[in-house]
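What the coordinates show
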Amino acid sequence: MEQIYQCQDLDEVREQIDRVDRALVALIAERGIYVRQAAAFKHSREEVEGGRRVDQVMRRVERLAGELGADAALTAAVYRTMIEYFVADEMAVFRARAGKD
């Protein structure tokens, strides 16, 4: 984790928040690219829904939240929302691919 900068005023706080937001959005975009790639390797609806994998990811990010000092409930909520969206996106890719077979 990057060293936390001690801001001297509200403008600096906002600059740092904007920097973090940019990094978060870039990482969400990158994650989405890999999720779409994963869809190409899945051969069933069950694989796309990935219950066991979702459980693994949630346990891992909850552990990471604790290690990194993030709020565990917030982290879980963000990940659940993100995973729901990505599963729906994968399902659309899967259905489109299945329709072409």
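So, a few notes on the structure that sits alongside this text. Predicted model only: the values in this text are computed from it and were never measured.

1. Points about the side chain of Thr75
Relative to the assigned elements, Thr75 resides in helix H4 (residues 72-100). Apart from the residues within four sequence positions on either side, Thr75 is in contact with Val61, Ala65 and Ala70.

2. Describing helix H3 (residues 51-68)
With 18 residues, H3 extends 25 Å between its outermost C-alpha atoms, agreeing within 8% with the 26 Å of an ideal straight helix rising 1.5 Å per residue. All buried positions along H3 are accounted for by Val57, Met58, Val61 and Ala65. Angularly, the buried residues of H3 cover 100 degrees about the axis, an arc narrow enough to put them on a single face. Residues of H3 that are exposed and angled more than 90 degrees away from the buried face: Arg52, Arg59, Gly66 and Glu67. Note on H3: the residue one or two positions beyond its end, Gly69, has a positive phi of about 80 degrees.

3. As for helix H1 (residues 10-39)
The end-to-end C-alpha distance of H1, which contains 30 residues, comes to 43 Å, matching closely the 44 Å that a straight helix rising 1.5 Å per residue would cover. You can read the cap of H1 off the contacts: a side-chain oxygen lies 3.1 Å from the backbone nitrogen of Asp11, and it is on Asp9.

4. Concerning a negative patch on the surface
On the surface, a cluster of negative charge is made up of Asp9, Asp11, Glu15, Asp18 and Asp21. Counting through the fold element by element, Asp18 comes out in helix H1.

Cut-off values and rules
- Residues numbered from 1 in each chain as written.
- Predicted model: local features only at pLDDT ≥ 70, side-chain atom pairs only at ≥ 80, totals over all residues.
- Heavy atoms only, no water.
- Helix = DSSP H or I, 4+ residues; strand = E, 2+ residues; numbered from the N terminus.
- Contact = heavy atoms within 4.5 Å.
- Expected span 1.5 Å × (residues − 1).
- Buried < 20%, exposed > 50% of the residue type's maximum accessible area, 1.4 Å probe, protein only.
- Arc of directions from axis to C-beta.
- Polar contact = N/O pair within 3.5 Å; in protein donor to acceptor, adjacent residues only side chain to side chain.
- Patch = residues over 30% accessible without salt bridge, like charges linked within 9 Å, V, L, I, M, F, W, Y side chains within 5 Å.
- Areas by Shrake-Rupley, 256 points an atom, 1.4 Å probe, with all protein chains shown as cover.
- Salt bridge = Lys/Arg side-chain N within 4 Å of Asp/Glu carboxyl O.
- Lys, Arg positive; Asp, Glu negative; His and termini not counted.
- Charge placed at Lys NZ, Arg CZ, Asp CG, Glu CD.

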